[in-house]
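Here's the letter readout for the chains.
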Amino acid sequence: SQTIHQWPATLVQPVGSPLSLECTVEGTSNPNLYWYRQAAGRGLQLLFYSVGIGQISSEVPQNLSASRPQDRQFILSSKKLLLSDSGFYLCAWSRGNEKLFFGSGTQLSVL
Amino acid sequence: GESVGLHLPTLSVQEGDNSIINCAYSNSASDYFIWYKQESGKGPQFIIDIRSNMDKRQGQRVTVLLNKTVKHLSLQIAATQPGDSAVYFCAESGTGGFKTIFGAGTRLFVKA
C-alpha cells in the first residue's frame with residue numbers, strides 16, 4: 001500500500017531563518033506531488049506541483065521554492081522566512097489527475 | 001480564474017439526521033469533482049468523487065450529486081454521526097492539467 005510521510009509535525013522558526021520541509025511517498029512510482037498551504041480556518045492554497053523529477057510548477061509567486069530531487073521526494077524551502085509564511089503545510093500525491101492523498105501536515109509558526 | 005466555493009461556512013445537525021453540504025463551481029469545463037473531510041490538525045481525507053459524465057454517485061452513507069446545468073455539487077451524509085464532525089471541502093480537478101482547486105470549506109457540527 002502507499003504511504004506518505006511528512007515532517008516535522010510542528011515547527012517554530014524566527015523571521016529571516018531558512019526553511020526545509022520534506023515529504024516522501026512509498027509504495028508507488030512516478031507520483032504527482034503537491035505542496036498546499038492552509039491558513040487557520042481557511043481552505044487549501046496550491047503552492048507547487050510536480051509531475052516528475054526536476055519538474056516544478058509554481059502557482060503563487062512568494063517567498064518559497066520547491067524541489068524534487070528524487071521520484072518520491074518533494075521538498076519545500078525558503079531562504080528567509082516571513083511572518084506571512086506561517087500556516088499549515090500539506091504535502092500530497094496523486095496518480096495522474098486523480099484524487100489526492102495527503103500527509104499529516106506541518107504546522108509552521110514564524111515569530 | 002477557476003474557483004470552487006461553498007454556500008455555507010458552518011452547518012449544525014442533530015445526530016441521526018441527514019446532512020447536506022453544498023458547493024458551487026465556476027468553470028463549466030471542470031470534469032472531475034472530489035469531496036474531502038478534514039479533522040482538526042490532520043490532512044484532508046478523500047470521501048467520494050464524481051466525474052462530469054455522471055450526476056450521482058453513492059458510497060457508504062455518502063452521496064454526491066452533480067448538477068452541471070447550474071454548476072452545483074452537493075454531499076449528502078446519511079444518519080450523521082458525531083465522528084462526522086469535521087470540515088468538508090469540495091475540490092475541482094481536470095481543468096488546466098494536474099491542479100486540484102479547493103473551496104473554502106464547510107464546518108459540520110453534529111449535536112448529540
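Note: the structure precedes this text.
On a predicted model such as this, the values are computed, not experimentally measured, just so you know. (Residues numbered from 1 in each chain as written. Chains lettered and ligands numbered in written order. Predicted model: local features only at pLDDT ≥ 70, side-chain atom pairs only at ≥ 80, totals over all residues. Heavy atoms only, no water.)

**What about unusual backbone geometry?**
No. 1: Pro8(A) follows Trp7(A) through a cis peptide bond whose omega is 0 degrees.
No. 2: A positive phi angle, near 50 degrees, is found at Asn30(A), a position not held by glycine.
No. 3: You will see that Arg61(B), though not glycine, has its phi angle at about 65 degrees, which is positive.

**Examining the state of the cysteines**
Working definition: the covalent bond between the sulfur atoms of two cysteines is a disulfide.
No. 1: Under the definition given, this model contains two disulfides over all chains.
No. 2: Across the disulfide from Cys23(A) sits Cys91(A); the S-S distance is 2.0 Å. Its torsion about the S-S bond being -80 degrees, the disulfide of Cys23(A) and Cys91(A) is classed as left-handed. One end of the pair, Cys23(A), is in strand β3 (residues 19-26); the other, Cys91(A), is in strand β9 (residues 87-94), and 68 residues separate them in sequence.
No. 3: For Cys23(B), the disulfide goes to Cys90(B), at an S-S distance of 1.8 Å. Judged by the sign of its S-S torsion, about 55 degrees, the cystine formed by Cys23(B) and Cys90(B) is right-handed. Of this pair, Cys23(B) sits in strand β3 (residues 19-25) while Cys90(B) sits in strand β9 (residues 86-93), and the two are 67 residues apart along the sequence. As far as the burial class goes, Cys23(B) and Cys90(B) line up, both buried. (Disulfide = S-S within 2.5 Å. Helix = DSSP H or I, 4+ residues; strand = E, 2+ residues; numbered from the N terminus. Buried < 20%, exposed > 50% of the residue type's maximum accessible area, 1.4 Å probe, protein only.)

**Focus: the pairing of β9(B)**
Residue and element names in this part refer to chain B.
No. 1: Taking burial as the measure, the eight residues of β9 include eight buried ones, the bulk of the element.
No. 2: Burial along β9 is two-sided: the residues Ala 86, Tyr 88, Cys 90 and Glu 92 and Val 87, Phe 89, Ala 91 and Ser 93 are all buried.
No. 3: Two strands pair when backbone bridges link them, and strand β4 (residues 32-38) and β9 are joined in this way by seven bridges, in the antiparallel orientation. Bridge pairing in β9 places Phe 33 opposite Glu 92. (Pairing = 2+ DSSP bridges.)

**Some details on the layout of surface pockets**
All names here are of chain B.
No. 1: A volume near 400 Å³ is recorded for the largest pocket.
No. 2: Broken down by element, the lining of the largest pocket gets its largest block of residues, three residues, from β9.
No. 3: Broken down by class, the residue content of the lining of the largest pocket amounts to eight nonpolar, eleven polar and four charged. (1 Å grid on protein atoms, 1.4 Å probe; cavity = no way out; pocket = protein on both sides within 12 Å on 5 of 7 lines; lining within 4 Å. Points joined across faces, edges and corners; volume = space filled by probe spheres on them. Nonpolar A, V, L, I, M, F, W, Y, C, P; charged D, E, K, R; others polar.)

**Side note on the pairing of strand β11 (residues 106-110) of chain A**
For a regular strand, side-chain orientation follows a simple rule: the groups alternate between the two sheet faces.
Residues and elements named next belong to chain A.
No. 1: Of the two faces of β11, the one holding Thr 106, Leu 108 and Val 110 is buried and the one holding Gln 107 and Ser 109 is not buried anywhere.
No. 2: Summarising the sheet, strand β2 (residues 10-13) and β11 pair through four bridges and their orientation is parallel. Residue pairing for β11: Val 12 is matched across the bridge by Ser 109.
No. 3: Looking at chain direction, β9 and β11 are connected through three bridges and run antiparallel. Bridged to Phe 88 within β11 is Gln 107.

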